[in-house]
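This is what each chain is made of:
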Amino acid sequence: MTEANNGALLRVENLVKHFPITQGIIIQKQVGAVHAVDGISFDVHQGETLGLVGESGCGKSTTGRTVLQLFRPTSGSVHFDGVDLVNLKGEDLRKMRRKMQMIFQDPYASLNPRMTVGEIIGEPLTVHKVASQREINDRVASLLELVGLSAAFSTRYPHEFSGGQRQRIGVARALALQPSFIVCDEPISALDVSIQAQVVNLLEDLQKQFNLTYLFIAHDISMVRHISNRIAVMYLGVIVELADRDELYLKPLHPYTQALLSAVPIPDPIADAKRARIILTGDVPSPVNPPSGCRFRTRCPIAQDVCSQSRPEFRELRPGHFVACFFAERFL
Amino acid sequence: MPDFILDVQGLETTFKTPDGVVHAVNGVSFGLKEGETLGIVGESGCGKSVTMLSLLRLIPSPPGKIANGKALFLGRDLLSMTNEEMRHIRGAQISMIFQDPMTSLNPVLTIGLQLQEPLMLHLGMTREQAQGRAAELLGMVGIPKAKDRLGDFPHQFSGGMRQRVMIAMALSCSPQIVIADEPTTALDVTIQAQIMELVRRLRDELGMAIIWITHDLGVVAGLAQRVLVMYGGYIIEEAPVKELFANPQHPYTLGLLGSLPRVDERGHQRLVSIDGLPPVLYEKPNYCPFAPRCKYAVERCWKENPPLMAVGPEHRVACWEDVRTGKAR
């Protein structure tokens, strides 16, 4: 990640987000912290999709929100289009937010049930005062058609729609301000399989049409592999591996990535029976008190003493392929 | 059919709602062989869970009602038994593992007590015997220091560990059939892999029959021997697992397989999506329930609901058309 800003729309460096744990009712004192994100760095290039994959509690959603400054980072920097977002406040930050939008996981909780679909999609335009009411109406109609819904739906309320249709409304809202960058936070995990494919195809079409850049967060590595150009694998607040989608699948260098790939069921009984399975023991440790040294060492099949003493450096082992493991060379 | 330990015939379940009567299960028939793992696949609302809950008579009634059908377990009809007889079957001979281990364990009782209850109730063990057996069971499902953990409450276990406790509980009385309703859906993939490995091992050791309900075709591919695909309260395709994946026949099954990205995908293929939404049936349709979403639908699909038709050994499909040749069946 040392290359100059060539093509990097978003550059995240040593991002840390800790949530304090406090005790006491009136006089609160901090007794610990949830180490949700603990020093991660990555670039997202113009027009690409970077997939961020990991199990629940690994900090992938926190990363997405911290990048957009919905959570303010504990330390580290986020540069978007060359502007440092961490030090921006007030109107300056609001102006930047026009270019960065988010699609949320739960299409039931992320739409206000008391607003019509037209109001929901038009709200970003009203808030940022970029259009008159008449222009807003026209824009809402064209956005609805863009995401495959009828323009006549703008007077209806969210409860009249199915999960897949609601997620399309969420996509239309994210597109309203013509952003260049969208964080997709598990946009399909609440949907049925046949509906997931509809939404993923829509996201891919929109990306082509508007040259959008996505940070696609999900726990389903097969879906992430399908939609992403590059993939970052997170475990307990750190990125353990980052590589091109095919490289990551064909030549995973981190033992966690290998276990994750082997754990994904393949819908083909013959291919599935042929695979070697790596079954990890134990559970993900608590981010309140993460293991010393390498975060993965408590479940790692190849862990040694050195893994508990210091944190493995996130290093580029092959061109564009980064890994944080002392022993990654043996998988080359 | 004497070789089936469970033989379900023409099961129909309806629910009364303010909007009308919803036909959740519409004449489902299938058999389960001894020691077999049967996968049931379908999207939410297709009737897969309701079918199983109906068999165990766990449908809340009202609003639910088992309108029709038989479920012969070792020759006796589960649906016409008295509640007392049913209680001796549930948990003892047919047990169930639920989707969410947090809401299906009692949060104010220790794991030990919850494991001992079925042992004392069904097998007539004393508390001491039950305690010993409970520790054995926890050990069997891979919980370390099992004996010391009997006094722990559910919240002291992680999600994967809770699901192991649920499995131990389901297996405690050595049932002939275990019904698993999406037991790994709430878990992370690496934990799901642990649980599936555990189920494979226990199945080989204990030899019980398993009905595994899931929406994930990948899970079915790795676990089941035979698969039923459900849609709109009907079984629309039934086949041995290798046959189903090598030679899927129903347009819905084809659509489901096409809409799944594969982790071993080569190059980038656009996903095949199924347009439209799964139906809610307020009356039993006299057309194919999949016709509104089907790319291949012909006139006959709107006039008659296709029955399951044999297309190969043990392979049956409910579709009027052979979609690969375009010819009528």
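These numbers were taken from a predicted model, which means no experiment stands behind them.

1. Comments concerning the overall build of chain B
The helix and strand inventory of chain B stands at 11 helices and 14 strands. For 329 residues, the compact-globule formula gives about 20 Å, and the C-alpha radius of gyration of chain B, at 21 Å, lands near that figure. Within chain B, the proportion of its 329 residues that are buried is 46%. Look at the contacts in chain B between residues 6 or more apart in sequence, and 63% of them connect residues 24 or more apart.

2. A look at the overall build of chain A
Looking only at helices and strands, chain A has 11 helices and 12 strands in total. Computed over C-alpha atoms, the radius of gyration of chain A comes to 21 Å, within 12% of the 20 Å expected from 2.2 N^0.38 for 332 residues, which places it in the range of a compact globule. Here the C-alpha coordinates of chain A stretch approximately 65 × 60 × 45 Å along the principal axes. Sorting the 332 residues of chain A into buried and exposed places 46% on the buried side. For chain A, restricting intrachain contacts to residue pairs at least 6 apart in sequence, the fraction spanning at least 24 positions comes to 63%.

3. A short note on the domain arrangement of chain B
Residue and element names in this part refer to chain B. Here chain B is described as being made up of domain 1 (4–93 + 176–261 + 269–328) and domain 2 (104–172). On a C-alpha basis, the centres of domain 1 and domain 2 stand 30 Å from each other. On the side of domain 2, 11 residues touch domain 1, which itself brings 12 residues to the contact. Among the elements that line the side of domain 1 that touches domain 2, the one with the most residues is helix α8 (residues 189–206), at six residues.

4. Quick notes on the sheet that holds strand β5 (residues 83–84) of chain A
If you trace the four strands from one edge of the open sheet to the other, you get β2-β1-β4-β5 (chain A), paired in antiparallel fashion. In this open sheet, the two strands that pair with only one neighbour each are β2 (29–45) and β5 of chain A.

5. Section: the pairing of strand β9 (residues 230–235) of chain A
All names here are of chain A. When you tally the buried positions in β9, you get six out of six residues, the bulk of the element. Residues of β9 alternate between two faces, with R230, A232 and M234 on one and I231, V233 and Y235 on the opposite face, all of them buried. As paired elements, β9 and strand β10 (residues 238–244) share six bridges and run antiparallel to each other. Following the sheet pairing, Y235 is matched in β10 by V238.

6. Let's talk about the sheet that holds strand β2 (residues 20–33) of chain B
Taken together, four strands build an open sheet; the order of strands is β2-β1-β4-β5 (chain B) and the sheet is antiparallel. Strands at the two margins of the open sheet, each flanked by one partner only, are β2 and β5 (76–77) of chain B.

7. Remarks on the environment of E43(B)
With respect to the helices and strands, E43(B) occurs in the loop between β3 (37–41) and α1 (48–55). Sequence-wise, E43(B) and P278(B) are 235 residues apart; in three dimensions their C-alpha atoms are separated by 8.1 Å. With sequence-adjacent residues up to four places away left out, E43(B) is seen in contact with D192(A), V193(A), S194(A), H215(B) and P278(B).

8. Side note on the pairing of strand β1 (residues 8–23) of chain A
All names here are of chain A. Summarising the sheet, β1 and β2 pair through 13 bridges and their orientation is antiparallel. Following the sheet pairing, I21 is matched in β2 by G32. Hairpin connection from β1 to β2: five residues lie between these consecutive antiparallel strands, with G24 at a positive phi of about 95°. One ladder, built from five bridges, connects β1 with strand β4 (residues 75–80); its direction is antiparallel. Considered in β4, the bridge of R11 is made with H79.

9. Points about the packing of helix α7 (residues 159–171) of chain B against α8(B)
All names here are of chain B. Remark: α7 packs on α8, axes separated minimally by 10 Å, with the N-to-C direction vectors making an angle of 20°. Classified by the angle between their axes, α7 and α8 sit roughly parallel to one another. In the packing of α7 onto α8, the handedness of the crossing is right-handed. Where α7 abuts α8, its residues G159, G160, Q163, R164, I167 and L171 lie against I191, Q194, I195, L198, L202 and L206. Along the lines of polarity and charge, the residues of the contact of α7 with α8 split into seven nonpolar, four polar and one charged.

10. Quick word on helix α4 (residues 111–123) of chain B
Residue and element names in this part refer to chain B. Over its 13 residues, α4 extends 18 Å from the first C-alpha to the last, a length consistent with the 18 Å expected when each residue adds 1.5 Å. Among the residues of α4, those classed as buried are I111, G112, Q114, L115, Q116, P118, L119 and H122. Buried-residue contacts for α4 involve α5 (127–140), α6 (146–149) and α7. Looking one or two residues beyond α4, the residue adopting positive phi is G124, at roughly 65°.

11. With respect to α1(B)
All names here are of chain B. Of all eight residues that make up α1, eight are buried, and the element is covered over most of its length. Listing the buried residues of α1 in full gives K48, S49, V50, T51, M52, L53, S54 and L55. Remark: R57 follows α1 within two positions and exhibits a positive phi of approximately 55°.

12. A closer look at the interface of chain A and chain B
With 35 residues of chain A at the interface, the matching set in chain B holds 37 residues. Going through the elements one at a time, α6 (193–210), α7 (221–227), α9 (255–263) and α10 (269–274) of chain A are the ones with two or more residues in the side of chain A that touches chain B. The dominant element in the side of chain A that touches chain B, judged by the number of residues it contributes, is α6(A), at seven residues.

13. Some points on the confidence of the model for chain B
For chain B, per-residue confidence averages 88 on the pLDDT scale, and residues scoring 70 or more make up 99% of the total. Interface scoring of the predicted complex returns ipTM 0.80; its pTM is 0.85.

14. Observations regarding the nonpolar core
One finds L215(A), F216(A), V233(A), I177(B) and I211(B) to be the most contacted residues of the largest nonpolar core, which totals 184 residues. For this core, the two domains that each supply at least three residues are domain 1 (4–93 + 176–261 + 269–328) and domain 2 (104–172) of chain B. In contact with F216(A), not counting residues within four places along its chain, are T49(A), L50(A), G51(A), L52(A), C184(A), V224(A), I227(A) and S228(A).

15. A word on unusual backbone geometry
Residue P62(B) follows S61(B) across a cis peptide bond; omega there is -15°. Relative to the assigned elements, P62(B) resides in the loop between α1 and β4 (64–73). A cis geometry characterises the amide bond from P62(B) onward to P63(B), with omega recorded as 10°. Of note, the phi angle at E186(A) is positive, near 45°, even though the residue is not glycine.

16. A look at the environment of F30(B)
Residue and element names in this part refer to chain B. The residue F30 is located in strand β2 in this model. Residue F30 is classed as buried on the basis of its 20 C-beta neighbours within 10 Å. On a C-alpha basis, the gap between F30 and E238 in space is 9.1 Å, while along the polypeptide they are 208 residues apart.

How each quantity is defined
All chains use their own residue numbering, which begins from 1 and follows the written sequence. Chains and ligands are labelled by the order in which they are written, letters from A for the one and numbers from 1 for the other. The predicted nature of this model means local features are confined to residues of pLDDT at least 70 and side-chain atom pairs, given and counted, to a pLDDT of 80 or more, with totals for whole chains, interfaces and linings taken over all residues. Helix and strand assignments come from DSSP, with helices taken as H or I runs of at least 4 residues and strands as E runs of at least 2, each series counted from the N terminus. Each radius of gyration reported is based on C-alpha atoms, and the globular scaling rule is 2.2 Å times the count of residues to the power 0.38. Once C-beta atoms are placed from the backbone, each residue is buried if 20 or more other C-beta atoms lie within 10 Å of its own, exposed if 12 or fewer, and partly exposed for counts between those two. Our contact criterion uses C-beta atoms placed from the backbone: two residues qualify when those atoms are within 7 Å. In this entry, domain limits derive from an automatic or database-based domain assignment. One bridge is not enough; two strands pair if DSSP finds at least two bridges between them. For helices, the fitted axis covers only the stretch in contact; all axes are lines through C-alpha atoms, and the angles between them, taken along N-to-C directions, range from 0 to 180 degrees. An angle below 35 degrees is treated as roughly parallel, one above 145 as roughly antiparallel, one from 65 to 115 as roughly perpendicular, and anything else as oblique. Should the near helix be turned anticlockwise from the far one by less than a right angle, the crossing is left-handed, and should it be turned clockwise, the crossing is right-handed. Each residue gets one label: Ala, Val, Leu, Ile, Met, Phe, Trp, Tyr, Cys and Pro are nonpolar, Asp, Glu, Lys and Arg are charged, and the others, such as Gly, are polar. Helix span, as expected, comes to 1.5 Å for every residue beyond the first. Confidence of the predictor at the level of single residues is captured by pLDDT, which takes values from 0 to 100. Joined through C-beta atoms within 7 Å, a set of buried Ala, Val, Leu, Ile, Met, Phe, Trp, Tyr and Cys residues constitutes a nonpolar core.

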